[in-house]
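Chains, contacts and geometry: an overview
So you can see what is in the structure, the chains are spelled out below.
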Amino acid sequence: MTSTQAAPRGVDGVAPAGTSPTDAARTPSPALKALGYLGRKLGLFALTLWAAVTVNFLLPRLMPGTPADAALSKLAQNGPVSEATKAAIEAQLGVPTGNIASQYVAYLHQVVTLDFGISYTFYPQSVGELVSAALPYTLVLVGLVTVIAFVLGTLLGVLAAWKRGTWLDSVPTLVGSFLSAFPYFWTALLLLFFAGYVLRLFPTSGAYGPTATPNFSVEFLGDALYHGVLPALTILITSLGGWILGMRNTMISTLGDDYVTFAEANGLKPRTIALRYAARNAILPNLTSFGLALGGVVGGSILVEQVFGYPGIGYLLFNAVVNQDYPLMQALFLMITVSVLIANFLVDILYGVLDPRTRR
Amino acid sequence: MTTSLPPTTAAIRAPLSPAGEAPSAWKVVARVASTVWSNGKSRIGLTMLAVFVLLAIFAPLIAPYGASETGFDRSADASAAHWLGTTAAGEDVLSQLLYGARISIFVGLVAGLLSTVIAVLIGLSWGYVRGFGADVINFIVNLFLVIPGLPLMIVIAAYLSGGGIGMIIVVVVVTGWAWGARVLRSQTQSLRSRDFITAAVFSGERPFRIVFRVILPNMTSLIVGNFFGAATAAILAEAGLEFLGLGDSTVVSWGTMLFWAQNSNALLTGQWALLFAPGLCIALLATSLTLINFGVDGISNPRLREGTKR
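Residues numbered from 1 in each chain as written. Chains lettered and ligands numbered in written order. Predicted model: local features only at pLDDT ≥ 70, side-chain atom pairs only at ≥ 80, totals over all residues.

Here's the deal with the overall build of chain A
Rule in force here: Note on conventions: DSSP H or I runs of at least 4 residues are helices, E runs of at least 2 residues are strands, and numbering of each starts at the N terminus. With C-beta atoms placed from the backbone, a residue is buried if 20 or more other C-beta atoms are within 10 Å of its own, exposed if 12 or fewer are, and partly exposed between those counts. Contacts are defined on C-beta atoms placed from the backbone: any two residues whose C-beta positions lie within 7 Å are in contact.
Across its full length, chain A holds 13 helices and zero strands. Element order for chain A, N to C, with α for helix and β for strand: α-α-α-α-α-α-α-α-α-α-α-α-α. Put simply, chain A has 360 residues, and 34% of those count as buried. Partitioning the intrachain contacts of chain A with sequence separation of at least 6 by distance along the chain shows that 70% fall at a separation of at least 24.

Observations regarding the overall build of chain B
Scanning chain B from terminus to terminus reveals 15 helices and zero strands. In chain B, which comprises 310 residues, the proportion classed as buried is 48%. A fraction of 74% describes how many contacts in chain B between residues 6 or more apart in sequence connect residues 24 or more apart.

Digging into the interface of chain B and chain A
Worth spelling out the cut-off: The nonpolar class holds Ala, Val, Leu, Ile, Met, Phe, Trp, Tyr, Cys and Pro. Asp, Glu, Lys and Arg form the charged class, and all remaining residues, Gly among them, are polar.
Residue-level contacts link 35 residues of chain B with 39 residues of chain A. If you list the elements that add at least two residues to the side of chain B that touches chain A, you get α6 (132–146), α7 (149–159), α12 (220–243), α13 (254–263) and α15 (272–300) of chain B. Its residues assigned to classes, the side of chain B that touches chain A shows 25 nonpolar, eight polar and two charged.

Some words on the packing of helix α9 (residues 178–192) of chain B against α12 of chain B
Residue and element names in this part refer to chain B. As a reminder of what qualifies: Interaxial angle, 0 to 180 degrees, is taken between N-to-C directions of lines fitted to C-alpha atoms, where a helix line uses only the stretch in contact. Angular relationships are summarised with four words: roughly parallel below 35 degrees, roughly antiparallel beyond 145, roughly perpendicular across 65 to 115, and oblique for the angles in between. Crossing chirality is assigned from the near helix's rotation relative to the far helix, an anticlockwise turn below a right angle marking it left-handed and a clockwise turn marking it right-handed.
The contact between α9 and α12 brings their axes to 10 Å, and the two run at 170°. In terms of orientation, α9 lies roughly antiparallel with respect to α12. Crossing handedness for the pair α9 and α12: right-handed. Seen from α9, the contacting residues are Gly180, Val183, Leu184 and Gln187; seen from α12, they are Leu222, Asn226 and Ala230. Here the contact of α9 with α12 is composed, by residue class, of four nonpolar, three polar and no charged.

Some remarks on the confidence of the model for chain B
All names here are of chain B. Quick reminder of the rule: Values of pLDDT, ranging from 0 to 100, describe the predictor's confidence in every residue of the model.
The share of residues in chain B with pLDDT of 70 or more is 88%, and the mean pLDDT across the chain is 81. The model gives residues 1–20 a pLDDT under 50, and that stretch makes 29 contacts with residues more than four places away or in other chains. Scored as a whole, the predicted complex attains pTM 0.80, and scored at its interfaces, ipTM 0.76.

Here's the deal with the confidence of the model for chain A
With 86% of its residues at a pLDDT of 70 or more, chain A has an overall mean of 80. With pLDDT under 50 throughout, residues 1–24 of chain A is counted as low confidence; its partners more than four residues away or in other chains account for 15 contacts.

Notes on helix α9 (residues 218–255) of chain A
Basically, it comes down to this: A helix's residues, less one, multiplied by 1.5 Å, set its expected span. Across the chain, bend at a residue is computed as the angle between axes fitted to the seven residues ending at that point and the seven starting from it.
Helix length check: α9 of chain A, at 38 residues, gives a terminal C-alpha distance of 48 Å against a target of 56 Å (1.5 Å per residue), a shortfall beyond 12%. Its maximal kink placed at Val229 of chain A, α9 of chain A deviates by approximately 40°, while the proline Pro231 of chain A follows within four residues.

Overview of the nonpolar core
Put simply, the rule is: For this entry, the nonpolar core is defined as buried Ala, Val, Leu, Ile, Met, Phe, Trp, Tyr and Cys residues connected by C-beta atoms within 7 Å.
Judged by nonpolar contacts, the single largest core of 160 residues is most densely connected at Ala188, Leu317, Met329 and Leu332 of chain A together with Met153, Ile154 and Ile282 of chain B. Leaving out residues up to four positions away in the same chain, Met153 of chain B has contacts with Val171, Val172, Thr175, Ala237 and Leu241 of chain B.

Points about the environment of Ile235 of chain A
Residue and element names in this part refer to chain A. Within the fold, Ile235 resides in helix α9. For Ile235, a count of 23 C-beta atoms within 10 Å corresponds to the buried category. Spatially, the C-alpha atoms of Ile235 and Thr187 are 8.6 Å apart, while their sequence positions differ by 48 residues. Ignoring sequence-local partners within four residues, the contact set of Ile235 consists of Val142, Val145, Val297, Gly300, Ser301 and Val304.

Brief notes about the packing of helix α8 (residues 164–176) of chain B against α12 of chain B
All names here are of chain B. In the contact formed by α8 and α12, the axes pass within 10 Å of each other and the chain directions differ by 130°. Considered as vectors, α8 and α12 are oriented oblique to each other. Remark: the crossing between α8 and α12 carries right-handed chirality. Here α8 contributes Ile168, Val172 and Gly176 to the contact with α12, which in turn contributes Ala230, Ala233, Ala234, Ala237, Glu238 and Leu241.

Structure representation (structure tokens):
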């Protein structure tokens with residue numbers, strides 16, 4: 001694998017002509033290389049961020065109809081709408097005026113100042129207030145559970161690949177592929193029905209009891225934890241399978257690599273080969289999938305939050321969509337996209353730290 | 001196991017040999033099918049999928065009642081007349097379940113095929129070209145990969161409210177092709193440096209032919225696997241969107257069944273069959289496709305075939 005990436009490429013402009021082309025003279029220092037890698041990734045991140053922000057701007061404009069049309073067609077069901085009403089509604093909903101370029105500038109200003117206006121549904125609360133109230137719940141729930149699922153799934157995947165052909169392989173693989181086929185909302189409905197309604201083990205909705213007010217006291221955190229068990233369990237059950245299968249597959253292909261055979265021939269302990277040789281290399285592609293799968297987990301959490309009435313970002317997005325609350329919807333979509341982008345950027349950086357080859 | 005080895009070597013040689021000597025398409029399909037069938041997990045998956053497809057095709061003959069036929073007792077428990085009970089609107093759950101299979105299989109098939117075609121076209125040409133063009137595609141694909149699929153689907157579906165199944169398929173394809181394109185690109189990149197591609201280039205083949213007649217056959221298992229993966233994702237996404245009430249909620253599908261079940265408080269009335277059955281069907285259908293993929297891996301990678309030790 002490394003043989004195809006011959007000697008490290010020197011920076012041609014830097015190396016003065018005529019010097020002996022030894023590797024030491026032509027290779028920039030490791031620190032400089034790391035900095036270059038970070039700079040490249042940062043530039044790409046900024047570009048992607050800009051593109052995502054622009055997609056969020058273009059999306060409503062590419063779609064047929066405007067929010068005002070939707071509101072007007074609702075009104076029109078009750079009788080004809082006068083021109084004055086139409087103008088009033090358009091003004092109230094902030095139908096964009098001016099050409100597309102000035103709209104874009106105004107939008108970018110909104111994004112930079114995080115001012116997304118007033119929500120239609122939860123009038124007179126601002127979109128910013130709603131989002132910042134919902135964000136902590138989703139961040140803690142999805143973030144924590146995803147990391148737990150990744151670690152657990154990866155370990156099971158290593159085990160399955162190492163014990164290939166035994167029950168330690170077939171049971172996690174089969175159960176994993178069955179569980180990963182579970183729709184998020186169905187797992188949520190089942191847990192809610194059996195653990196919530198039938199056995200009455202856990203509360204059936206919300207993130208905290210009806211009498212509690214959010215603060216950082218021990219009682220409140222305990223209450224929040226208690227309410228979070230079922231949503232967390234749903235995400236864990238549904239996302240675990242994917243990690244097991246992913247790790248198992250990459251691990252199987254690294255086990256076939258020559259360096260593993262070489263390690264075996266050298267008489268290293270099986271455990272050492274499995275963990276320190278094969279698993280260490282197999283985890284790299286899985287780390288990339290981790291960043292990408294995060295988007296899927298965030299998507300799944302929308303369904304989970306809807307079922308459990310859990311007041312996070314997903315539940316808010318669902319409410320915004322149902323009530324055609326376009327400002328809230330746009331802000332939430334941007335929020336979700338940017339969070340996933342940042343997570344992916346961090347994974348990229350981590351990848352560069354773990355795998356020196358990518359820094360070249 | 002040894003009998004299933006020849007297909008791979010044949011598949012690699014086939015495109016290089018003159019058209020007349022290439023094995024017929026039917027022979028290739030038969031070999032691929034037997035390779036997939038030889039894997040125990042795939043065999044279970046194929047059998048499950050076949051049952052679902054048959055149930056969907058013959059739904060009008062098997063179903064005891066019409067899908068939207070109302071007028072029975074509302075929210076009834078299971079009985080001899082209604083094996084899985086009735087919905088809150090007085091429809092037969094079993095009949096809805098059978099007809100619902102049609103929507104899921106249709107969406108899986110169409111959306112899976114469309115996103116695979118896009119992934120193949122983009123992934124292969126992207127893997128073969130070099131320079132600025134590749135960088136631009138790289139950026140676009142990464143953008144589509146990183147933007148979370150379901151939230152994007154939900155937002156698009158909200159703007160296109162009431163579009164029905166067609167809208168759902170479009171949304172699923174738009175958000176779902178990028179993963180396959182990326183996987184196929186990396187494989188194309190690794191194949192294009194192999195000797196047999198260099199040989200094809202020196203023998204004066206045009207790039208189009210090299211990409212689609214020489215490289216493509218070597219990626220059969222990836223492409224087939226991508227199809228099943230995309231179909232699974234499409235089925236789950238369709239059910240999710242309909243569960244949120246973002247599709248056409250008058251269509252009888254597994255997703256809308258659960259949407260109505262939740263909205264009519266089936267949790268409180270304790271109708272577990274209404275909650276359990278549609279979700280189980282979605283899970284089983286998706287599992288069958290995942291299981292088939294275990295055998296698909298073996299089409300062009302003998303290492304992954306069942307029973308072969310590493």
